Amino acid sequence: MSDRHSVLRSQIPRGFSVPIGTLLLIATWFGIFAGLTEGAGLLLFQRINWTQWGRLMHVSKEILWISPLVDLIFFLMVSLLVWLISRFSPRIPTIQVLVFLLTFLSIYDWLTLTNRLYHRACLILALGVAAAFLRWTAKREASSLTFWKRSTPWLVSVFLLALLVLQGGKWAHEKIAVAKLPAAPRSAPNVLVIVLDTLRADHLSSYGYFRTTSPEIDRIASQGVLFENAIAPCSWSLPSHASLLTGRAPSDHGMQNVQPMPWLGWGKNGLGGYPTLGEVLRHRGYRTGAFSANRIYFTSNVGLGRGFIHFEDYFDSVGDSFVRTVYGREFARLYLNRTEKSKATRALRYLGLESWLDKDSEGSGDFGGAYGVRKRADAVNQELLQWIDRDRQRPFFAFLNYLDVHYSYGGPRGYPKPDWDRGTTIDEYDAGLKYVDDYIGRLLRELEQRGARNTIVIITSDHGESLGAHGLSYHGAALYRELIQVPLIISYPPKIPRGLRVAVPVTITGIPATIVDLLADGEAGAFPVSSLSALWQAPKQQANWPYPVSELAQTDIIVPADRVVEGKIPIATNGWMRSLVMPRWHLITHEKFGHQLYDWTHDPKESNNLIDSPEGRATALRLASQFDAQAKTR
Ligand SMILES: [Zn+2]
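Residues numbered from 1 in each chain as written. Predicted model: local features only at pLDDT ≥ 70, side-chain atom pairs only at ≥ 80, totals over all residues. Heavy atoms only, no water.

## Points about helix α5 (residues 119-138)
Structurally, the α-helix is built with 3.6 residues per turn, so residues lying three or four positions apart point the same way. Between the first and last C-alpha of α5 there are 28 Å, a value that for 20 residues agrees with the 28 Å anticipated at 1.5 Å per step. Along α5, the residues classified as buried are C122, A126, A130, L134 and T137. One side of α5 carries all its buried residues, which in axial view fall inside an arc of 100°. Every exposed residue of α5 that faces more than 90 degrees away from the buried side is listed here: R120, I124 and R135. (Helix = DSSP H or I, 4+ residues; strand = E, 2+ residues; numbered from the N terminus. Expected span 1.5 Å × (residues − 1). Buried < 20%, exposed > 50% of the residue type's maximum accessible area, 1.4 Å probe, protein only. Arc of directions from axis to C-beta.)

As structure tokens, this is what we get:
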């Protein structure tokens, strides 16, 4: 041993230039070690801190190779810089400087990953630990070098193994799942469900809006059936998506708020254990895939992955993967949050990193932290088409979530603004719709080119948006009409008449049963809410169609801008809410503040609460008893 040490010592005399290989070796060791620890820490902390779900930047197990890769590249760059400096100032103790810097960066990384400690405190603590570690290694430089030399190949192997197991495992898992599928009927159509997150129905031209916001969607509507009064089961993403997948009301599937993640993944747990649309279609021989731009509430992590063989949420681009690591997040906090004219923003644009500046609502950006990088309709389409191209033999079931209508509004920078866009909130909201509408058109043309004409296309949304109505700005706080009336368009020319419009209020929770019914006449599969096909097959059914119910559990995650109405109107911060939409009336009930009643046919903005008039009170009481009866029979 001592011989070896003396050899090393003679190779690297203090104060003289150190071989670059030695510096790269040390950087590799620190980079992979810091990154592996960081990846595991991010996964662990995300699980422990699940109650703060809305403010997290989320990760899945791929972070176990992405974090080491990012840290490795970063630390190698640091080592090259130290080497360069040592060329100009040969008296610098190069190895000691490098060890100090890398220890500091590793400790800062681990302290920052919870995003809970003050950055300055992390800096000071990391400096202290780095100084202590430096003193310790300085006395043992030769043995430390031997240790790094011997253990680096092992660390590199662990990193490569993580990459291979995680990426290869995912690939193999999907291959096996597809191979195990039963044969689908020869003429089975593809199923494409498109959710335009946060889209209220009255902003689509086909729903009577004064702007031409949705020419492509209107064209699809003209080829199928449009439900004029489709109602979402909740006014925010998570409960609504869970209903769209299970065909059940939020109080039934139980996903009314974020649930703690099971340590070993969701398995059959979650969603009340009920079957999902994906599972039912898998049993019919379908390849199933979800493609989500809402990386907070429509992900596999929150428990919505069951039934999907393929699920694309995080890590869709280099920028997205980068900001989910600790140093990427730090970079985003410091440089991706600047003003339009700042040097940082201009430099990033100059470098062609425009897409990194497209802020997402994911992360803690609104609270001084980092914003995620937005996933646009263009990227969702690319993911879907690549997945379809991998296997053209089987029919597919694809569930898409586009987030382009969601705050912050407006299409991506660089995409042409519509004529009407003068920059007001509503102009921008409509511009986001115009952008995603364009990309829906592009997607359908791509599918046609691939010969996938035999496709059931369903367009809907998970909830609406207040846009100033009732003093609210966003969604999830109440159940007014602008928050729950969403588009619902179903096109499937072989079985659905063209250009039909259905006026009776329906719930979009009926989508899973409708799809199964279209595939196998009269079968609802595992879904309790009625198939909507009766409404185009036998229009007389409209007379006694069940009234759509929306439910909103008590919640704390309402954004500050919407909390300001607390005490002025009933919102879900201090009690649950539910709503019942009938052909004329809309009854909204709050756990603590009682009923509100609106005549939405004459007052679609719901500005006149009739509950205090004698007829209003009588009507509300009558409807409330019907509500309870319907809830019991469900
Ligand atoms: Zn949503």
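## Details of the side chain of N49
Among the structural elements, N49 can be located in the loop between α2 (20-48) and α3 (63-88). Taking the relative accessible area as the measure of exposure, N49 reaches 8% and is therefore buried. Of the polar contacts made by the side chain of N49, one reaches the side chain of R116; its length is 2.6 Å. (Polar contact = N/O pair within 3.5 Å; in protein donor to acceptor, adjacent residues only side chain to side chain.)

## With respect to the pairing of strand β9 (residues 455-460)
The buried fraction of β9 amounts to 6 of the 6 residues, a majority that puts the element mostly inside the structure. Neither face of β9 is exposed, since T455, V457 and I459 on one face and I456, I458 and T460 on the opposite face are all buried. Pairing geometry for strand β1 (residues 190-196) and β9, over 6 bridges, is parallel. Counterpart to L192 in the pairing with β9 is V457. The pairing of β9 with strand β11 (residues 488-491) spans 4 bridges and is classified as antiparallel. Looking at the pairing, V457 lines up with S491 of β11. (Pairing = 2+ DSSP bridges.)

## Considering the coordination of the zinc ion
Ligation of the zinc ion by protein atoms is provided by D197 (OD), S237 (OG), D462 (OD) and H463 (NE2), these donors lying 1.9 to 2.1 Å from the ion. The site at the zinc ion holds 4 donor atoms, and with the angles between them running 99 to 127°, its shape is tetrahedral. Donor residues binding the zinc ion come from one chain and are separated in sequence as D-x39-S-x224-D-H. Taken together, the positions of S237 in helix α8 (residues 237-246) and H463 in the loop between β9 and α17 (481-484) put the pair 226 residues apart, joining distant regions of the chain. Of the residues examined, S237 reaches a relative accessible area of 3% and is grouped as buried. (Donors = N, O, S within 2.8 Å, 3.2 Å for Na, K, Ca; no water. Tetrahedral: all angles 85-135°; square planar, octahedral: opposite > 155°, others 65-115°.)

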